[in-house]
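Per-entry structural report
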Number of protein chains: 2
Amino acid sequence: MPKNCNFIEKLREVGLRPTKQRIKMCEVLYNREKTFHFTINDLVKMISEKMNEKISLATVYNTVHAFEKKGYLKEISIDSHKSYFDTNTSAHHHFFDEDTHELIDCDESDIDKINIRKNITGKKINSVEVLVRVASDNQTQK
Amino acid sequence: MPKNCNFIEKLREVGLRPTKQRIKMCEVLYNREKTFHFTINDLVKMISEKMNEKISLATVYNTVHAFEKKGYLKEISIDSHKSYFDTNTSAHHHFFDEDTHELIDCDESDIDKINIRKNITGKKINSVEVLVRVASDNQTQK
DNA sequence: TCAATAGTTTAGAATTATTATAATGTAGAT
DNA sequence: ATCTACATTATAATAATTCTAAACTATTGA
Ligand SMILES: [Mn+2]
Ligand SMILES: [Mn+2]
Ligand SMILES: [Zn+2]
Ligand SMILES: [Zn+2]
């Protein structure tokens, strides 16, 4: 359970000034056992709850994108109407619960390594990710 | 190369009135050799070119969503900032060219069937789709 | 045939998510 | 303590999508 200081250094290392907003955001994002998925709105709420002061929506957007660029966060495209972010920045697969709109990570062991036989000339593969959409069993009755 | 009449019947069958806008949209979407991917803006342009009259943007949105609901079209989530649609409504995998923002279908033979070992209690799997992001070979030089 | 009706299109307004602007504030250096 | 570059903020602007309500049209059946 690291506290502020770690984040101050982490931010410095990649050339971001450790402002109190960014430190608070780091705490909310990384001071936890497991990685998680969130939307910008989720995050604004979380930060506001942890701070007594309000944080500007623009700052959250800016900082999320700064973190994304630095590799602290990853954007996940699941739903064209909503942006999800992930504190798990490694390549990994997802389940998406279409009832609750919740994202769930897959472990390595859940899906075999995927072998791509096609290749596109002049292009290299940047990532291969699987999305498994799930929904309540009884709702799609025929 | 089917013409209008087919579409009129097709639309009637699923309970949509065969208006001239919908018939024109069917022609643009389905009167071709191969399936394809498009954005709403692409489609508006294509339809406007094929018609002498303009078509309302709202009509294109409404009709695309009506078609989607009927299973004539499928929405593809690749980029949270843009909605792509696909006239190939079967379950299939994609390559996404990050340089050109172009979507390319995978054939069955390009990727082996994916075996999911995890299961989420009370939930059934609706789809399993792979997205392979590719980009120019020389651009991601280290 | 031809109104009646239900469904459709349309222009434009409204909404939502995101990004830009420009003034103010702050961290780090000297 | 002062300076400067970078950050935050409130607010405005933009972009994508959806809503609204009036005008239009396909279908039905008298
Ligand atoms: Mn983004
Ligand atoms: Mn949609
Ligand atoms: Zn994840
Ligand atoms: Zn496709």
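Being a predicted model, the structure only gives us computed values, none of them experimental.

All right, on to the coordination of the zinc ion (ligand 3) then. Residue and element names in this part refer to chain A. Around the zinc ion (ligand 3), the donor atoms from the protein are H37 (NE2), D86 (OD), H92 (NE2), H94 (NE2) and D105 (OD), and they sit 1.9 to 2.2 Å away. Going along the chain, you hit the donors of the zinc ion (ligand 3) in the pattern H-x48-D-x5-H-x1-H-x10-D. With H94 in strand β4 (residues 94-97) and D105 in strand β5 (residues 102-105), the pair connects residues that are eleven residues apart, well separated along the chain. For H94, a relative accessible area of 2% translates into the label buried.

For the rest of this paragraph, the subject is the packing of aromatic side chains. All chains considered together, the criterion is met by ten aromatic pairs over all chains. On the basis of an interplanar angle of 50° and a centroid distance of 5.2 Å, the ring pair of F67 of chain A and Y72 of chain A is categorised as tilted. Y72 of chain A carries the same exposure label as F67 of chain A, and that label is buried. Pairing Y84 of chain A with F96 of chain A gives two aromatic rings, centres 6.1 Å apart and planes at 80°, and the pair type is edge-to-face. One end of the pair, Y84 of chain A, is in strand β3 (residues 82-86); the other, F96 of chain A, is in strand β4, and twelve residues separate them in sequence. Y84 of chain A sits in the buried class, given a relative accessible area of 5%. Residue classification places F96 of chain A among the buried positions, given a relative accessible area of 3%. The rings of Y30, F67 and Y72 of chain A are connected pair by pair, giving a single aromatic cluster. The positively charged end of R32 of chain A is found above the aromatic ring belonging to F36 of chain A, 3.8 Å away from the centroid. Taking the ring centre of Y30 of chain B as reference, the NZ or CZ of K10 of chain B above it sits at 4.5 Å.

Turning our attention to the relation of the copies chain B and chain A. In the superposition of chain B on chain A (RMSD 0.1 Å, axial shift 0.0 Å), the rotation amounts to 180°. Both copies of the chain, as the preceding transformation shows, are related through a two-fold rotation axis.

Moving on: helix α2 (residues 20-30) of chain B. Burial of α2 of chain B is extensive: eight of the eleven residues sit out of reach of the surface. When α2 of chain B is considered as a whole, its buried residues turn out to be I23, K24, M25, C26, E27, V28, L29 and Y30 of chain B.

Here is what the cut-offs are and how they apply
Residues numbered from 1 in each chain as written. Chains lettered and ligands numbered in written order. Predicted model: local features only at pLDDT ≥ 70, side-chain atom pairs only at ≥ 80, totals over all residues. Heavy atoms only, no water. Donors = N, O, S within 2.8 Å, 3.2 Å for Na, K, Ca; no water. Helix = DSSP H or I, 4+ residues; strand = E, 2+ residues; numbered from the N terminus. Buried < 20%, exposed > 50% of the residue type's maximum accessible area, 1.4 Å probe, protein only. Phe/Tyr/Trp six-rings, centres within 6.5 Å; stacked < 30°, edge-to-face > 60°. Lys NZ or Arg CZ within 6 Å of the ring centre and 35° of its normal. Least-squares fit on C-alpha atoms with pLDDT ≥ 70 in both.

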